[in-house]
Amino acid sequence: MALDGNIIKAATDRESLTDYLGQMFFGILDAMFQQLRENATPTTTSYNFLMTEEFMMLVPRIKENAAIQHKDKSFEMSLNSLGYAGLLLATAQEELEALEAQENLMDVLAQTAVSWHPDAAQIEANRKAAEESELA
């Protein structure tokens, strides 16, 4: 979710900035839970949070670790929020080599993220159609 830079720059005290950022955080948290209820297989809820001066992002996840296979070895990589910003931590040279050997690092990230329900697009279309019919 994009943050309004004008509001952030205009904040004259810590309290007004905290209020704005808190409202934005709870807004995306609520939106994430709504999307999970409608489009994902039920699971325990955990998420990664990223924030810059320009945006906030939540990535719901099903687990913390991703498994990577390389040269007949298996590596368990712990992924935190920075992984979704493109910063993956390798604690040993072998782990770095295993990461570099991956064809698509999104596949590594996808192991920990919540998968959307296969019928998510259809469910959303049905919801919108129902809303429109109520308005007509």
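To be clear, the structure that these remarks concern was listed above.
The following refers to the structure shown. All residue numbers refer to position in the chain's written sequence, counted from 1. Local features in a predicted model are, by the rule used here, given only for residues with pLDDT of at least 70; side-chain atom pairs are given and counted only at 80 or more, and totals for whole chains, interfaces and linings are based on all residues. Only hydrogens and water are set aside; all other atoms, that is, all heavy atoms of the structure, feed into the side-chain values.

### So, the overall build of the protein
The line we're drawing: Only runs of H or I of at least four residues qualify as helices and only runs of E of at least two qualify as strands under DSSP, and these elements are numbered from the N terminus. Each residue is placed in one exposure class: buried if its accessible area under a 1.4 Å probe, protein chains only, is under 20% of its type's maximum, exposed if it is over 50%, and partly exposed if it falls in between. Each accessible area is a Shrake-Rupley result for a 1.4 Å probe, and residues are judged covered by the shown protein chains and nothing else. By the counting scheme adopted, Arg and Lys are positive, Glu and Asp are negative, and His together with the chain ends is not counted. In plain terms, the charge of a residue is placed at NZ if it is Lys, CZ if Arg, CG if Asp and CD if Glu.
In terms of helices and strands, the protein carries five helices and four strands. Its helices and strands in sequence order give the protein the pattern α-α-β-β-β-β-α-α-α, from N to C terminus. On the principal axes, the C-alpha backbone points of the protein span a range of 60 × 45 × 25 Å. Across the 136 residues in the protein, those meeting the buried criterion constitute 26%. In the form shown here, the protein has an accessible surface area of approximately 9,500 Å², with 54% of it arising from carbon and sulfur atoms. Charge-centre separation for the protein: the mean point of 9 positive side chains lies 3 Å from the mean point of 22 negative side chains.

### As for the pattern of salt bridges
Heads up, the rule is: Salt-bridge detection follows one rule: a side-chain nitrogen of Lys or Arg within 4 Å of a carboxyl oxygen of Asp or Glu.
Across all of its chains, the model carries one salt bridge by this definition. The shortest N-O distance in the salt bridge between E94 and K73 comes to 2.5 Å. Placement of E94 in helix α3 (residues 93-100) and of K73 in strand β4 (residues 73-78) is noted, with a sequence separation of 21 residues between them. Among the residues examined, K73 registers a relative accessible area of 38% and is labelled partly exposed.

### Points about the nonpolar core
Our working definition: Take the buried Ala, Val, Leu, Ile, Met, Phe, Trp, Tyr and Cys residues and link them wherever side-chain atoms come within 4.5 Å; each set so joined is a nonpolar core. In what follows, residue pairs with any heavy atoms lying within 4.5 Å of each other are defined as contacts.
Grouped together as the largest cluster of nonpolar side chains are 13 residues, with contacts concentrated most on V59, I68, F75, M77, L79, Y84 and V108. Breaking this core down by element, the ones donating at least two residues are β3 (65-70), β4, α3 and α4 (105-110). If we ignore the near neighbours within four places in the chain, the residues touching L79 are N48, R61, E64, A66, L88, V108, L109 and T112. Grouped together as the second largest cluster of nonpolar side chains are twelve residues, Y20, M24, L58 and V114 included.

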